[in-house]
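# Understanding the architecture of this molecule
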Amino acid sequence: MKAFFRFLYEIIGSPQPPADTPVYRDVIFPNIGLLNLGLSLALVVVFYYVINRAMGVATFNKGRHWGIFFFLNAVLAFIIAIWQANAQQATEHSYIYWLATWNAVLGMLWFFLFSLLLRRGSTNASTTPF
Amino acid sequence: MAKLFLFGIGGTGSRVIRSLTMLLASGVELPNCDRVVPIIIDPDAHNGDMNRTVALLQSYQQVHRRLGQQEEGFFKTDISTLSNISADANGGVKDTFIFDFGGINQSFRQYLHYDQLSVDSKAMVELLFTQDNLESPLTIGFRGSPNVGSVVLNKVVESPEMRFFADNFQEGDRVFFVSSIFGGTGAAGFPLLLKNLKDPNTRLSNARYLRDALTGAVTVMPYFALQSEENQVIDSNNFLTKTKAALSYYEHNLQGLDALYYLADTPDTPYDNQPGGTQQKNKAHLIELLAALSIVDFMQYSDAELRSGAPHFHEYGLGSDSMEVQFGHLPDETRELIAKHLTQLLYFSRYHKQHLPDDKAPYHDNLKLDYALRNEPIFRELNNLLHSPEFGVDQWLNELSQNRRAFRPFDLTTEDFNAMIAGKPVEKKWNDFFNKGLSHNYILDNLNKADKSINEPDNFKKLLALFYDVTDKAFEEKVKVV
C-alpha cells in the first residue's frame, strides 16, 4: 500500500518531498491517500444515496449540485493534506502546498470515478453529472 | 370481443360523448366491453360541439393505439370508429365518428319534394309542419323541431353505415343512446333509431342479435335555457312543453330498452341562442358528465341483472344540493367512481404543463423527453389532448367549473398541487422537511422511483404508466379521501 501511495504522490516526479522524506513516504502519503479515498467515497454516498435516495430529495440532482460536492471534496482533500503534514510534524516547506493541491486533484479524480461507479444505484441522481 | 355501440344524437349527444371520453382518458373502467364505438348522429356538419368532440375522439384514438392493451391506466378503453371494427374495408363506410349524411344541402321543403306533392299531401304537410319548418335549411340540423327530424332521420336506417353496423353486430354487443328530449335531433332520433333496430321485420342483418342486444339510453331533459331573442327559431320556453310531449310518447312507444336514465336540471344562466353551426359550442356541463356516468353505470350491470325485470329506470340526485358542486356534494357511489381518476388526470395534466418540459431528472433523461416532447408526433398529440384550448382536458375542466350549475371539484387557478382539490387541501406535516405534502419534489421523487421499477421499452407508454402510477400513489398517500 505504501508503494502504491508513494507511486501516486510522486508520479509527476517533481517537486520531490524535502529532506524528511521518510515521514512522507511512510506515514503522510498512506494517511492522506486513505483519507482522501474515504472522503471521496463518503461524499459520493452522501450525494447519491443519502440525499438523492434515502431522503427522497429530488431537486438536488443537477450538475451544479454535483459540482458543489465535487469542489467540496477538493477543498477537504487540500485541508487534509496540510493537516496531516502538520500533524506528522513535517518541516514547513512549500512542498506541503504542492502536495495538498495534488491531493485535491486526486480527490476530484476519486469523486468522479466513484460517481461513475455508484450513480446507478441512486434514485434521483442516476444520470448526474451526465 | 364485446363492443358498446354508442349513439350520440344531436348536440347533447356530442357533448355527453365528450365527457365520457374524458372519463375514459382518466382511466375510469368501462366493464363488460372491450371497445366503444361512438356514432355521432347530427346532420349539422359544422356543429361546434360535434366537431370538437370528434377532434377529441381522434386524438384519444391515436393515443390509445400507441398504448395498446393495458390492465389499467389513462386511456385504457379502446375507442374505435365504426369502420375500424371490421377488417372488411369494403363496407362503404368512412373512417369517422360521424354518421355521414352526405351533406343535406337543401331546405326541408326541397327534401320533401314539396312542390311535386299532390294537393292532399301538401295539405297534410302543412298541417304537420310550419312554414318555418319547411324553409329551414337542413345543413344546421333540425333547430329544435323533432317533427322535422323524425322525417329526415328515417333515412338513417337505410344508410350504408347502419348496414355496416348491423353486419358487424355480434352477440354480446350492447347499444346505448344519448339524446336530449327537448331539442330536435335527439328527441326525434332516439325513438326512431330504437324502433328501427328492434323492429322484428327489419331488413338489417343480425336482426336477432340486434333485437336481443342489451340496450340502454340516457335522455336528457332540460338543463339549460337559451337567451330569448326575437326572430330566433329555438325558444327555450318551449323546452318543458316539448319534454312533456316526448315523455308521453316514450311512455307508450319505447320498446326494447333494458335501462333508461333520466337527467335534468334547473336552468340558470342562459346560453347564447345559436340554433346550430360552428357557433353552437356550449360549455361543458355537469349534466353531461352525469349522463356519461349513466353509460358507465349501464355497463357495470351484468347481462343477467339487466335482463331481469327490465326495463330499469334511473334518475340521479346529488348528495347535497349546491350550485357549485364539489366532490363532497356527490353521492358516495359517484365520488368513488370518478374522484380519484379525475384527480389523477388533473395532476397529470398540470404536471405535464408546469414541470415536464423543464424537469432535469433521471426519468426525463431515460425517456429522452427533451427530444420526444419537441419532435415525436404522439407526444404532441398528447399535448393537444391535455391542453388544446378547443377540446383539451384543461378546457373541459374549465368549462365545467364556469357553467351554471358549476362542477368545481378543483381549484384550477392554483399551481400548488396541495391546494388543487377544492375544499380538501393536502395536509403538510411539520416534520416532513423535504416533502411538503404533494410537492414538485414528491412527484419527481416518485417518478424517478417508478422509472426504475417499470420495465417498458416504449418511451410514450412508459411516460403514461409512470404518471398513472405516481398520481395514483399521490392520491392514496396524500389525498386519501375527498
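Residues numbered from 1 in each chain as written. Chains lettered and ligands numbered in written order. Predicted model: local features only at pLDDT ≥ 70, side-chain atom pairs only at ≥ 80, totals over all residues.

Here we come to the overall build of chain A. Helices and strands together make up the secondary structure of chain A, namely four helices and zero strands. Counted from the first residue to the last, chain A has its helices and strands arranged as α-α-α-α. Dimensions of chain A along its principal axes, counting C-alpha atoms only, are 50 × 25 × 20 Å. Split into buried and exposed, the 130 residues of chain A put 38% on the buried side. (Helix = DSSP H or I, 4+ residues; strand = E, 2+ residues; numbered from the N terminus. Buried ≥ 20, exposed ≤ 12 C-beta atoms within 10 Å, placed from the backbone.)

For the rest of this paragraph, the subject is the overall build of chain B. A tally of regular secondary structure across chain B gives 19 helices and nine strands. For 482 residues, the compact-globule estimate of 2.2 N^0.38 gives 23 Å, and chain B sits close to it at 24 Å. Overall size of chain B, expressed as C-alpha extent along the three principal axes, is 85 × 50 × 45 Å. Within chain B, the fraction of its 482 residues that count as buried is 45%. Long-range contacts, defined as pairs at least 24 residues apart, comprise 77% of the intrachain contacts of chain B with a sequence gap of at least 6. (Rg over C-alpha atoms; globule rule 2.2 N^0.38 Å. Contact = placed C-beta atoms within 7 Å.)

For the rest of this paragraph, the subject is the environment of B:Leu194. Residues and elements named next belong to chain B. Assignment of secondary structure puts Leu194 in helix H8 (residues 185-198). For the pair formed by Leu194 and Leu254, sequence separation is 60 residues and the distance between their alpha carbons is 7.7 Å. Among all residues touching Leu194, those that are not within four sequence positions of it are Phe177, Leu254, Gly256 and Leu257.

What follows is about the environment of B:Thr130. Residues and elements named next belong to chain B. With respect to the secondary-structure elements, Thr130 resides in the loop between helix H4 (119-128) and helix H5 (131-135). Taking the C-beta count within 10 Å as the criterion, Thr130 has 13 such neighbours and is therefore assigned partly exposed. Here the alpha-carbon distance between Thr130 and Val148, two residues 18 residues apart in the chain, equals 9.9 Å.

The next thing to look at is the interface of chain B and chain A. Contacts between chain B and chain A engage 13 residues on the former and eleven residues on the latter. With seven residues, the top contributor of residues to the side of chain B that touches chain A is helix H18 (residues 440-453) of chain B. Of the residues contributing to the side of chain B that touches chain A, the split by class is four nonpolar, four polar and five charged. (Nonpolar A, V, L, I, M, F, W, Y, C, P; charged D, E, K, R; others polar.)

A word on the packing of helix H1 (residues 10-25) of chain B against H8(B). All names here are of chain B. Two numbers describe how H1 lies on H8: the axes approach to 6 Å, and their chain directions differ by 80°. For the element pair H1 / H8, the angle class is roughly perpendicular. Between H1, through Gly10, Thr12 and Gly13, and H8, the contact on the second element is made entirely by Thr185, Gly186 and Gly189. Of the residues that constitute the contact of H1 with H8, the class distribution is no nonpolar, six polar and no charged. (Axes fitted to C-alpha atoms, helices over the stretch in contact; angles between N-to-C directions. Parallel < 35°, antiparallel > 145°, perpendicular 65-115°, else oblique.)

Right, let's get into helix H3 (residues 63-87) of chain A. Residue and element names in this part refer to chain A. Between its terminal C-alpha atoms H3 stretches 35 Å, which fits the 36 Å expected from 25 residues at 1.5 Å a residue. Listed as buried for H3 are Trp66, Phe70, Asn73, Ala74, Leu76, Ala77, Ile80, Ala81, Gln84 and Ala85. Looking at the buried positions of H3, the neighbouring elements they touch are helix H2 (21-54) and helix H4 (94-118). Just downstream of H3 lies Gln89, where phi reads positive at about 55°. (Expected span 1.5 Å × (residues − 1).)

Attention now goes to the pairing of strand S4 (residues 174-180) of chain B. All names here are of chain B. Among the seven residues of S4, seven are classified as buried, and the element is accordingly described as predominantly covered. Residues Arg174, Phe176, Val178 and Ser180 point to one face of S4 and Val175, Phe177 and Ser179 to the other, with burial holding for every one of them. Strand direction decides the pairing type here: strand S1 (residues 3-9) and S4, joined by five bridges, are parallel. Paired with Phe7 across the strands is Phe177, a residue of S4. (Pairing = 2+ DSSP bridges.)

Attention now goes to helix H16 (residues 377-387) of chain B. Residue and element names in this part refer to chain B. When H16 is considered as a whole, its buried residues turn out to be Phe379, Leu382 and Leu385. Seen end-on, H16 carries its buried residues on one side only, within an arc spanning 115°. In this fold, the buried residues of H16 make contact with helix H2 (48-67), helix H15 (369-375), helix H17 (393-402) and helix H19 (459-479). (Arc of directions from axis to C-beta.)

With that settled, the discussion passes to the pairing of strand S6 (residues 259-263) of chain B. All names here are of chain B. Among the five residues in S6, four count as buried, and that is most of the element. Where strand S5 (residues 214-220) lies against S6, five bridges are found, and the strand directions are parallel. Directly across from Val218, in S6, lies its bridge partner Tyr261. Relative to strand S7 (residues 312-314), S6 runs parallel, the two being bridged by three bridges. Paired with Leu260 across the strands is Phe313, a residue of S7.

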